[in-house]
Amino acid sequence: MSAPPPGWYPTSSDDPFVRYWTGEHWSDQTVPPGATLPPPVPGTRIAGGSPRGTVARGTLTAVSVLLVLVLGNRLADLIAGLLPIAESSREMTGDWLGLIPAALVGAPLVARVGYRPVRMLLLLIPVYNVYFLYELVWRAAYLPFADWTPRPEHAPHWVQVPHPTRPGALLYVRRS
């Protein structure tokens, strides 16, 4: 029995998604049926080298987020100390002002890494904003590559290609 030709196939009977079969192996990415994603291009060379590894990407992300949070908190405390408000209100004011640097850093990344712009409001939610900022920087650390499925309106601008360092894995790069 021969293998089916390359293409998008249903993952299972109870799963509504489709997965790409390269002719030799399955891709890691799944998309909703009917999504207009081009198939992976097996012979495409990726300009700009290879994507960062998980350790390098995690380290860059953790250091970046920690730096934003620490410097943002120090700046917020400094600004709260300069405001003519009661001493009892300064700490709470500083906590709320500490959300602003995370929002300023994360807001430009939201659309670049595949989220809708309205999601930047999540950066204004205390505690959750740390997780969301980490997720944004994690994805940004992988650019110009993407290991997430592009939104349908962005899909025509991306092409799926074989991962240059992990055999069998696929990733997305912007069309040139």
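What counts, and where the lines are drawn
- Residues numbered from 1 in each chain as written.
- Predicted model: local features only at pLDDT ≥ 70, side-chain atom pairs only at ≥ 80, totals over all residues.
- Heavy atoms only, no water.
- Helix = DSSP H or I, 4+ residues; strand = E, 2+ residues; numbered from the N terminus.
- Buried < 20%, exposed > 50% of the residue type's maximum accessible area, 1.4 Å probe, protein only.
- Contact = heavy atoms within 4.5 Å.
- Pairing = 2+ DSSP bridges.
- 1 Å grid on protein atoms, 1.4 Å probe; cavity = no way out; pocket = protein on both sides within 12 Å on 5 of 7 lines; lining within 4 Å.
- Points joined across faces, edges and corners; volume = space filled by probe spheres on them.
- Nonpolar A, V, L, I, M, F, W, Y, C, P; charged D, E, K, R; others polar.

Time to look at the overall build of the chain. The helix and strand inventory of the chain stands at four helices and six strands. Taking all 176 residues of the chain together, the buried fraction comes to 34%. For the chain, the share of sequence-separated contacts (at least 6 apart) that also reach a separation of at least 24 residues comes to 50%.

Here we come to the sheet that holds strand β6 (residues 170–174). Read across the sheet, three strands follow the order β4-β6-β5 without closing on themselves; strand pairing throughout is antiparallel. Two strands lie at the open edges of the sheet, namely β4 (145–146) and β5 (158–162), each paired on one side alone. Pairing between β4 and β6: two bridges, direction antiparallel. Bridge pairing in β6 places A146 opposite Y172.

To continue, consider empty space enclosed by the protein. Inspection of the entire model under this criterion finds one cavity of 30 Å³ or more. What the largest cavity holds in volume is close to 70 Å³. Forming the walls of the largest cavity are A111, R112, V113, G114, W148, P150, R151, H154, W158 and R174.

As a further point, take the pairing of β6. In terms of burial, β6 is largely enclosed, as four of its five residues are buried. In this sheet, β6 lies alongside β5 in antiparallel orientation, the contact comprising five bridges. By the bridge assignment, W158 is partnered in β6 with R174.

Attention now goes to the layout of surface pockets. Computed from the structure, the largest pocket encloses a volume of approximately 230 Å³. Along its surface, the largest pocket is lined by L69, N73, G94, D95, W96, G98, L99, P126, V127, N129 and V130. Among the residues making up the lining of the largest pocket, the classes are represented as six nonpolar, four polar and one charged.

On to unusual backbone geometry. In terms of backbone geometry, most residues other than glycine have negative phi values and most peptide bonds are trans. The peptide bond linking L143 to P144 adopts the cis configuration, its omega dihedral lying at 15°. Tracing the backbone through its elements, the reader meets P144 in the loop between α4 (128–140) and β4.

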